[in-house]
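Descriptive structure summary
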Amino acid sequence: MEVSAAMWTAAIVGAVVVYWFVWVMGAAEVKGKRAVNLKMGSITRDKVQDNYKQYWSFFRRPKEDIAAADDDDNVPAFVDTFYNLVTDIYEWGWGQSFHFSPSIPGRSHRDATRLHEERAADLIAARPGLRVLDVGCGVGGPMRAIAAHSGAHVVGITINEYQVARARTHNRKAGLDDRCEVICGNFLEMPFADASFDGAYSIEATCHAPRLEDVYREVFRVLKPGALYVSYEWVTTALYRADDPAHVQTIRGIEAGDALPGLRAQHEISEVARQVGFEVAEERDLALPPAGPWWTRLKMGRISYWRNHLLVSALTALRVAPKGVVEVHEMLYETARHLSDGGESGIFTPMHMILCRKPLAAPPPSS
Ligand SMILES: C=C(CC[C@@H](C)[C@H]1CC[C@H]2C3=CC[C@H]4[C@H](C)[C@@H](O)CC[C@]4(C)[C@H]3CC[C@]12C)C(C)C
Ligand SMILES: C[S@@+](CC[C@H](N)C(=O)[O-])C[C@H]1O[C@@H](n2cnc3c(N)ncnc32)[C@H](O)[C@@H]1O
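From a predicted model like this one, the values you see are computed outputs, not experimental measurements.

1. Section: the side chain of Asp134
Mapping Asp134 onto the fold places it in strand 1 (residues 131-135). Arg144 provides the closest opposite charge to the buried, unpaired Asp134, separated from it by 8.7 Å. A polar contact of 2.7 Å, which involves the side chain of Asp134, links it to the side chain of Tyr201. Leaving out residues up to four positions away in the same chain, Asp134 has contacts with Pro142, Met143, Val154, Val155, Gly156, Ile157 and Tyr201.

Here you go:
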């Protein structure tokens with residue numbers, strides 16, 4: 001074969017391989033986000049690496065240091081930066097629902113995710129005609145599942161402007177924009193009137209609050225008397241030992257890689273709910289058997305992580321993806337390891353469920 005023919009053949013084969021690698025292998029969990037479209041939220045390309053560094057220097061500190069530096073009030077801004085950095089990677093590698101769910105033998109991740117979301121809707125008895133609040137709604141995977149399942153009108157709030165735009169686009173595409181609304185705002189000071197919702201839920205979101213009482217108090221305020229609120233909380237379990245260095249390393253790894261100002265212990269959740277005035281109707285770790293392990297999805301993904309790492313490295317080298325994406329991806333890879341260690345050892349659960357009711361005649365909450 002002539003040299004030029006060989007070069008042409010190599011070029012064509014190369015192009016096919018790149019196409020396959022990026023478009024086929026790199027396809028999103030849920031159609032819509034591909035590796036070549038990875039943006040970093042509303043951060044401009046040249047600021048991604050700096051934002052990542054700022055994020056990391058803020059959240060790599062343990063909660064005592066964040067509190068001691070009087071930095072609790074800065075948490076929402078850094079959580080916002082975090083979601084600028086990770087939202088597209090989450091959608092690309094996980095889907096539109098940013099949470100875990102118990103695995104169900106013989107069912108897909110997508111089914112298991114949807115059932116976990118529908119359970120929240122059923123627990124608060126969401127139904128047509130009711131106005132329900134989604135506290136920390138991400139790009140709206142749960143909101144759409146819950147609106148479709150229950151027929152309720154869902155209003156979501158997220159601190160991250162980029163997620164608002166993504167969620168609205170997804171709602172429109174799903175034909176659910178008449179029943180799913182998305183607002184940009186801080187769930188610690190919500191822009192909603194008192195007693196304006198018939199129900200509320202939060203899925204793996206309130207763990208970002210420096211003080212859980214601040215977000216629970218806000219949810220309490222906006223609910224009508226008698227309304228229900230369910231939350232899936234990230235907590236350490238009774239198996240966690242603060243004097244075991246391996247446990248501490250796992251929990252610190254989860255906090256740093258997930259923008260958490262400090263995980264709470266399981267027993268603290270209902271104390272906080274009661275403190276702000278809720279009655280606790282039910283409380284249960286949904287990860288406990290017979291539930292299938294939630295962390296297997298993370299463990300099974302090892303090969304895809306490597307493929308994804310190669311992809312983001314290649315796309316950064318080609319200047320398609322902004323500088324800094326590789327570091328963000330590595331941070332997520334690390335946190336995935338800590339999360340599955342936490343799940344496997346049983347010291348951590350991302351689905352401690354608490355179901356609360358605002359009493360009909362609400363006593364004034366204690367401060
Ligand atoms: C509730 C929260 C987020 C929970 C999960 C949705 C995410 C936690 C860790 C994330 C991921 C880790 C590894 C990534 C992988 C390296 C990449 O190639 C593809 C995406 C990941 C799988 C990513 C997906 C989302 C998570 C599982 C927190 C923030 C409170
Ligand atoms: C892990 S995501 C979960 C999203 C959604 N519940 C889901 O399961 O797909 C956490 C969400 O909480 C939101 N959040 C965190 N802190 C917030 C705050 N102070 N105010 C409003 N939203 C916040 C984030 O923007 C993000 O949308």
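2. Let's talk about the site of ligand 2
Around ligand 2, the surrounding shell holds 19 residues, and the nearest of these are Phe98, Gly136, Thr158, Gln163 and Phe187. Note that a nitrogen atom of ligand 2 is positioned 2.8 Å from one of the backbone N or O atoms of Gly136. In the environment of ligand 2, a nitrogen atom lies 2.7 Å from a nitrogen or oxygen atom belonging to the backbone of Phe187. With the chains in place, 97% of the 590 Å² that ligand 2 exposes on its own is no longer accessible. A class-by-class count of the residues in the shell around ligand 2 yields nine nonpolar, nine polar and one charged.

3. With respect to the nonpolar core
Ranked by internal contacts, the top residues of the largest apolar core, which has 42 residues, are Tyr201, Trp234, Trp294 and Phe348. If we skip the residues at most four places from it in the chain, Trp294 touches Phe100, Ser101, Pro102, Ser103, Ala287, Leu339, Gly343, Phe348, Pro350 and Met351. Counting residues in each nonpolar core, the second largest holds 31 residues, with Val48, Tyr83, Val312 and Val325 among its members.

4. A short note on the packing of helix 2 (residues 48-59) against helix 9 (residues 245-257)
To describe two helices that pack against each other, one gives the angle between their axes and the distance between the axes. Taken N-terminus to C-terminus, the directions of helix 2 and helix 9 make an angle of 145 degrees; their axes are 9 Å apart at the nearest point. Considering how the two elements wind past one another, helix 2 and helix 9 form a crossing that is right-handed. For the pair formed by helix 2 and helix 9, the contact residues are Tyr55, Trp56 and Phe59 on the first element and Arg252, Glu255, Ala256 and Gly257 on the second. Grouping the amino acids of the contact of helix 2 with helix 9 by side-chain chemistry returns four nonpolar, one polar and two charged.

5. Examining the packing of aromatic side chains
Throughout the structure, instances matching the rule amount to 21 aromatic pairs. Ring geometry for Phe100 against Trp234: centres 6.3 Å apart, planes inclined by 35 degrees, an arrangement best described as tilted. Here Phe100 is found in the loop between helix 4 (75-93) and helix 5 (109-123), whereas its partner Trp234 is found in strand 5 (residues 223-236), with 134 residues between them in sequence. Of the two residues, Phe100 and Trp234, both sit in the buried class. Measuring from centroid to centroid gives 5.1 Å for Phe220 and Phe278, while their planes differ by 80 degrees, and the two rings are edge-to-face. Taken together, the positions of Phe220 in helix 8 (residues 212-222) and Phe278 in the loop between helix 10 (268-275) and strand 7 (279-285) put the pair 58 residues apart, joining distant regions of the chain.

6. Concerning the site of ligand 1
Residues in close proximity to ligand 1 total 23 residues, the closest being Tyr83, Tyr90, Trp234, Asn308 and His329. Separating an oxygen atom of ligand 1 from a side-chain N or O atom of Asn308 is a distance of 2.8 Å. Expressed as a share of its isolated accessible area of 630 Å², the protein-covered part of ligand 1 is 99%. When contributions to the shell around ligand 1 are tallied by element, the ones reaching two or more residues are helix 4, helix 12 (302-317) and helix 13 (325-345).

7. Here we look at helix 9
Counted at 1.5 Å a residue, the expected span for helix 9 with its 13 residues is 18 Å, and the 18 Å between its end C-alpha atoms agrees. Of all the positions in helix 9, only His247, Thr250, Ile251, Arg252, Gly253, Ile254, Glu255, Ala256 and Gly257 are classed as buried. In this structure, the buried residues of helix 9 make contact with helix 2, helix 4, strand 5, helix 13 and strand 8 (348-357). The backbone nitrogen of Ala246 has a side-chain oxygen 2.9 Å away, supplied by the residue at the start of helix 9, namely Asp244. At the exit of helix 9 stands Ala259, carrying a positive phi of roughly 60 degrees.

8. Quick notes on the packing of helix 12 against helix 13
Contact geometry of helix 12 with helix 13 gives a least axis separation of 9 Å together with a crossing angle of 165 degrees. Judged by the angle between their axes, helix 12 and helix 13 are roughly antiparallel. In this structure, the crossing between helix 12 and helix 13 has a hand that is left-handed. Contact residues: helix 12 offers Arg302, Tyr305, Trp306, Asn308, His309, Val312, Ser313 and Thr316, while helix 13 offers Val325, Val326, His329, Glu330, Tyr333, Ala336, Arg337 and Ser340. Its residues placed into classes, the contact of helix 12 with helix 13 shows seven nonpolar, six polar and three charged.

9. Notes on unusual backbone geometry
Residue Pro290 is reached from Pro289 by a cis peptide bond, and omega for that bond is 10 degrees. Its location among the elements puts Pro290 in the loop between strand 7 and helix 11 (296-300). Unusually for a residue other than glycine, Asp70 sits at a positive phi of about 60 degrees. Structurally, Asp70 is set in the loop between helix 3 (63-68) and helix 4. On the basis of relative accessibility, which here comes to 67%, the residue Asp70 falls in the exposed class. We note that Ala259 has phi near 60 degrees; this positive angle belongs to a residue other than glycine. When you line up the elements, Ala259 lands in the loop between helix 9 and strand 6 (264-265). The class for Ala259 is buried, based on a relative accessible area of 0%.

Reading the values: the criteria
Residues numbered from 1 in each chain as written. Chains lettered and ligands numbered in written order. Predicted model: local features only at pLDDT ≥ 70, side-chain atom pairs only at ≥ 80, totals over all residues. Heavy atoms only, no water. Helix = DSSP H or I, 4+ residues; strand = E, 2+ residues; numbered from the N terminus. Buried < 20%, exposed > 50% of the residue type's maximum accessible area, 1.4 Å probe, protein only. Lys, Arg positive; Asp, Glu negative; His and termini not counted. Salt bridge = Lys/Arg side-chain N within 4 Å of Asp/Glu carboxyl O. Polar contact = N/O pair within 3.5 Å; in protein donor to acceptor, adjacent residues only side chain to side chain. Contact = heavy atoms within 4.5 Å. Near = heavy atom within 4 Å. Areas by Shrake-Rupley, 256 points an atom, 1.4 Å probe, with all protein chains shown as cover. Nonpolar A, V, L, I, M, F, W, Y, C, P; charged D, E, K, R; others polar. Core = buried A, V, L, I, M, F, W, Y, C linked by side-chain atoms within 4.5 Å. Axes fitted to C-alpha atoms, helices over the stretch in contact; angles between N-to-C directions. Left-handed = near helix turned anticlockwise from the far one by under 90°. Phe/Tyr/Trp six-rings, centres within 6.5 Å; stacked < 30°, edge-to-face > 60°. Expected span 1.5 Å × (residues − 1). Parallel < 35°, antiparallel > 145°, perpendicular 65-115°, else oblique.

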